[in-house]
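# Coordinates in review
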Amino acid sequence: LAAWTKSLETATPKARPGIAQTLDHWKQDADLAGIRDADSLSKLPVDEQTAWRTLWADVDSLLKRAGSQK
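## Side note on the pattern of salt bridges
- Here the structure, examined in full by the defined rule, presents two salt bridges.
- Across the pair lysine 27 and aspartate 60 runs a salt bridge whose closest N-O atoms are separated by 2.5 Å. A residue pair is termed long-range when its members are at least 10 positions apart, and lysine 27 in helix α2 (residues 16-28) and aspartate 60 in helix α4 (residues 46-68) qualify at 33 residues.
- Residue classification places aspartate 60 among the partly exposed residues on the basis of a relative accessible area of 31%.

Here it is as structure tokens:
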């Protein structure tokens, strides 16, 4: 996520959709369901749940930035 955040900061308007597409893929990829979906997260220790929820909130925030920057 840090690398994509840095990439977005220097990305051209033409490159931003590709960054958004990658992050959107993370939100849909079945391989990441165990660390993304509410039911799966609820089975993890509380500190891990918090960390993963924070990551996904950061992904959402970066997706908004990728979509709204001109």
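So, next bit.
## A look at the environment of aspartate 37
- Among the structural elements, aspartate 37 can be located in the loop between α2 and α3 (38-41).
- Linking aspartate 37 and glutamate 48, residues 11 residues apart in sequence, is a C-alpha distance of 13 Å.
- One polar contact links aspartate 37 to arginine 36, side chain to side chain, over a distance of 3.3 Å.

## Regarding the side chain of glutamine 49
- Locating glutamine 49 in the fold gives a position in helix α4.
- For glutamine 49, the contacting residues outside a window of four places in its chain are Leu41, Ser42 and Leu44.

## Brief notes about the packing of helix α1 (residues 2-10) against α2
- At a minimum axis distance of 10 Å, the contact between α1 and α2 shows a crossing angle of 160 degrees. As judged from the angle between their axes, α1 and α2 are roughly antiparallel. When the axes of α1 and α2 are compared, the crossing they make is left-handed. Judged by residue contacts, Trp4, Ser7 and Leu8 of α1 engage Arg16, Ile19, Thr22, Leu23 and Trp26 from α2.
- For the contact of α1 with α2, the per-class residue count stands at five nonpolar, two polar and one charged.

Definitions and limits used
Residues numbered from 1 in each chain as written. Predicted model: local features only at pLDDT ≥ 70, side-chain atom pairs only at ≥ 80, totals over all residues. Heavy atoms only, no water. Salt bridge = Lys/Arg side-chain N within 4 Å of Asp/Glu carboxyl O. Helix = DSSP H or I, 4+ residues; strand = E, 2+ residues; numbered from the N terminus. Buried < 20%, exposed > 50% of the residue type's maximum accessible area, 1.4 Å probe, protein only. Polar contact = N/O pair within 3.5 Å; in protein donor to acceptor, adjacent residues only side chain to side chain. Contact = heavy atoms within 4.5 Å. Axes fitted to C-alpha atoms, helices over the stretch in contact; angles between N-to-C directions. Parallel < 35°, antiparallel > 145°, perpendicular 65-115°, else oblique. Left-handed = near helix turned anticlockwise from the far one by under 90°. Nonpolar A, V, L, I, M, F, W, Y, C, P; charged D, E, K, R; others polar.

These values are about where atoms sit, not about what they do.
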